[in-house]
Amino acid sequence: STVEKVTDMYTRFATEEDNFFTVGVEDAYRVLYDDASSDERRNQVLDCIVEGLTCVLVTLKWIPVIRAQRGGPAESVARSLNDKLRELLVQKRSVFLAEKTQPRSSYQRPLILLLDRTIDVPSMVHHSWSYISLLQNTLDMKGCRVTIDVDARDETGNGAKKDTEFLLDPSDTFWEENRANPFPKVAENIEASLVDYRNEVERINQASRASKELTQTTSELASTIANLPELTKRKQCLDMHTELATKLLDKIRSRGLDVFFELEGQLMTKNLSSKAPVFEVLRGDKGSKEDKMALCIVYYLTAPEITRIDFAELQEAMKSAGCGEQLLEYLRVLRTPTEAADVAVRPSLYAPGTKRAFVKSVFSNALDRGVKGLSQAATKVKERVIQIENAMPTSRSVNGAMEASTSVTENLVGFDPKQIRGSESADGTKRVFDEAIVFVVGGGNYVEFENVKTHSNGKRIIYGSTCLCSSEEFLRDIASISKPVQKCP
């Protein structure tokens, strides 16, 4: 037989979660923000991003109004995407035919907002305390799969550890309810769920004894039997999360991640009373080289002022940690464009802040006692440890663009593929939107996705990025930049 038709299904994107997609360009940040990248490679990356975004829009049947951060890769993507959508719209058999036939009165066009990753670098590297980000950043979760070594020895000590793969999917109700929770809360919920499970088992055992004594009806017995498979699955899920929580505790203890989390949280919420703890940790034994790089980045990009003495201290501390000076030179380029604007509104680094001693003692006690100890300390920890609950820059940007906030839109460039070429500004910046895609050029993570979802204000916001990467993967991209871009491509 002959092939009559070949159809492009527009599938060059991956759905990581509901309302979260990536376009599979793993090296976008390194290529687009390194002046050493060739024009050919940079254009290849931009083309791949545009192709992926086109596939998403075709799938959604959306012809959005386009907004983009000025002067960087996001603007380059926006211009190319605008041209691509124009080409598709004028085709005789347009893939957007279904969208065009909808009555204008019943259809409000969506927004796509394109942002550069440099809008918020700290969120990509800081040590988050949420369950899902800990799994991604410390246990190398890929997609919905986590592989860890599990002790398979029997009671006599025979056997060895073996690699075991765990699948985290929407059918796991504990995962769905706790994935975005702070880890102490997850440990608390594991213990509570195990208590519920044991109570349910005891209820079934009592029902079984009653059936033997002929005091239980047939329907009651049938209901008890029907609940057994669900109970077995629940226990398997709890066993899995207990294994994962135990492994995370080992990582937290060995690397001192609680200290990094606390310091970075205080830096990002402007509550650090002294810079001394930062340099103490950078020079100390706790944490990997990547952990110290992350703390250095958060400190350098969020501190109200970096003096020459501070910079020299950072160079010395990073050198002792085994990190090259190239990182600080790149951070200097990142900080310079926003330093003048930000320093006026940032509080002093030496303003009164929260005391660290109580938090440190609670964590040390909890870590020493394992999952049960951490769950018991969770309530006190939640009251004392700073949580990054405010809207991050990406969330603030998309909400401002959807509400036509002047403070946001004045920094954006706009395009409309439905407008006559050359009249892109005809759409204006006063339009408000109920649906939007916010897409970050240069990588994204679960922390930012959850933050966008939390601050969506009841509107539908789809989060996308060039790739989903862990903090360690993003740090490698930054470390590999040999010639920082001084001006945007």
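All values derive from a computational prediction rather than experimental measurement.

A.B. asks: So what's going on with the packing of helix H11 (residues 276-283) against helix H12 (residues 289-302)? Residues and values would help.
C.D. replies: Running from N to C, H11 and H12 point in directions that differ by 155 degrees, and their axes come no closer than 10 Å. Judged by the inter-axis angle, H11 sits roughly antiparallel to H12. For the pair H11 and H12, the crossing hand works out as left-handed. Side by side, H11 and H12 meet where Val-278, Phe-279, Val-281, Leu-282 and Arg-283 of the first sit next to Lys-292, Leu-295, Cys-296 and Tyr-299 of the second. Grouping the constituent residues of the contact of H11 with H12 by class yields seven nonpolar, no polar and two charged.

A.B. asks: For the sheet that holds strand S1 (residues 14-17), give the residues involved together with the corresponding values.
C.D. replies: The sheet built from seven strands is open, its strands ordered S1-S2-S9-S8-S4-S3-S7 with mixed pairing. The sheet is open, and its two edges are formed by S1 and strand S7 (412-415), each paired on a single side. Across the sheet, the mean angle from the axis of one strand to that of its neighbour is 25 degrees, orientation sign disregarded. Taken together, the three bridges between S1 and strand S2 (residues 20-22) define a ladder with antiparallel strand orientation. Among the inter-strand pairings, Glu-17 is bridged to a residue of S2, identified as Phe-20.

A.B. asks: How would you summarise helix H16 (residues 393-402) if you had to cite specific residues and measurements?
C.D. replies: Most of H16 sits inside the fold, with nine of its 10 residues counted as buried. The complete set of buried residues in H16 reads Pro-393, Thr-394, Ser-395, Ser-397, Val-398, Asn-399, Gly-400, Ala-401 and Met-402. For H16, the secondary structure elements touched by its buried residues are strand S4 (111-116), helix H17 (406-409), S7, strand S8 (435-441), helix H18 (446-454) and strand S9 (460-465). Within two residues after H16, Ala-404 carries a phi angle of roughly 60 degrees, on the positive side.

A.B. asks: Give me the lowdown on the packing of helix H10 (residues 257-268) against H11, citing residues and values where you can.
C.D. replies: H11 packs onto H10 with a crossing angle of 145 degrees between their chain directions and a minimal axis gap of 11 Å. For the pair H10 and H11, the sense of crossing is left-handed. Packed against H10, whose contacting residues are Val-259, Phe-260, Leu-263 and Leu-267, the element H11 presents Pro-277, Val-278 and Val-281 at the interface. Split into classes, the residues belonging to the contact of H10 with H11 amount to seven nonpolar, no polar and no charged.

A.B. asks: I'd like a description of empty space enclosed by the protein, backed by residues and values.
C.D. replies: Under the defined criterion, the tally for this structure stands at four cavities of 30 Å³ or more. Counted as a void, the largest cavity has a volume near 140 Å³. Residue lining of the largest cavity: 17 residues in total, with His-127, Asn-137, Arg-255, Asp-291 and Ser-471 positioned closest to the centre. Contributions of two or more residues to the lining of the largest cavity are made by helix H6 (131-138), H10, H12 and helix H19 (471-479). In the lining of the largest cavity, the residues fall into seven nonpolar, six polar and four charged.

A.B. asks: Any details on the pattern of salt bridges? Residues and values, ideally.
C.D. replies: Per the stated rule, a full pass over the model turns up 26 salt bridges. The partner of Glu-165 in a salt bridge is Arg-145, and the shortest N-O contact between them spans 3.0 Å. Linking Glu-165 in strand S6 (residues 161-167) with Arg-145 in strand S5 (residues 145-151), this pair joins segments that are 20 residues apart in sequence. Overall, the relative accessible area of 48% leaves Glu-165 in the partly exposed class. Note on Arg-145: relative accessible area 41%, which makes it partly exposed. Notably, a salt bridge pairs Asp-149 with Lys-247, separated by 2.9 Å at the nearest N-O pair. Residue Asp-149 is found in strand S5, and its partner Lys-247 is found in helix H9 (residues 218-255); the two are separated by 98 residues along the sequence. According to the relative accessible area criterion, Asp-149 is partly exposed, its value standing at 31%. Judged by relative accessible area, Lys-247 falls into the buried class, the value being 14%.

Definitions and limits used
- Each chain has its residues counted from 1, following the order in which its sequence is written.
- Local features in this predicted model are restricted to residues whose pLDDT is 70 or higher, and side-chain atom pairs enter the listing and the counts only when it is 80 or higher, whereas totals over whole chains, interfaces and linings include all residues.
- Think of the side-chain values as coming from all heavy atoms in the structure, minus any hydrogens and water.
- Between the N-to-C directions of two axes lies an angle of 0 to 180 degrees, each axis being a line fitted to C-alpha atoms and, for a helix, fitted only over the stretch in contact.
- Each helix corresponds to a stretch of at least 4 residues labelled H or I by DSSP, and each strand to a stretch of at least 2 residues labelled E; elements are numbered beginning at the N terminus.
- By definition in this entry, angles of less than 35 degrees are roughly parallel, angles greater than 145 are roughly antiparallel, angles of 65 to 115 are roughly perpendicular, and the rest are oblique.
- Here a crossing is called left-handed whenever its near helix is offset anticlockwise from the far helix by less than a right angle, and right-handed whenever the offset is clockwise.
- Pairs of residues are marked as contacts when any of their non-hydrogen atoms sit within 4.5 Å.
- In this count, Pro and Cys sit with the nonpolar residues alongside Ala, Val, Leu, Ile, Met, Phe, Trp and Tyr, while Asp, Glu, Lys and Arg are called charged and the others, Gly among them, polar.
- We call two strands paired when DSSP finds no fewer than two bridges between them.
- Exposed residues in this analysis have more than 50% of their type's maximum accessible area, buried residues have under 20%, and partly exposed residues fall in between, with area computed by a 1.4 Å probe over protein chains only.
- Using a grid of 1 Å spacing that covers the protein atoms alone, one calls a set of points a cavity when a 1.4 Å probe fits there but cannot get out, and a pocket when the set is open and has protein on both sides within 12 Å along at least five of seven lines; lining residues are those with an atom within 4 Å of a point.
- Grid points are joined across faces, edges and corners, and a volume is the space filled by probe spheres set on the points.
- What counts as a salt bridge is simple: a side-chain nitrogen of Lys or Arg found within 4 Å of a carboxyl oxygen of Asp or Glu.

Everything listed is a geometric property; what it means functionally is a separate question.
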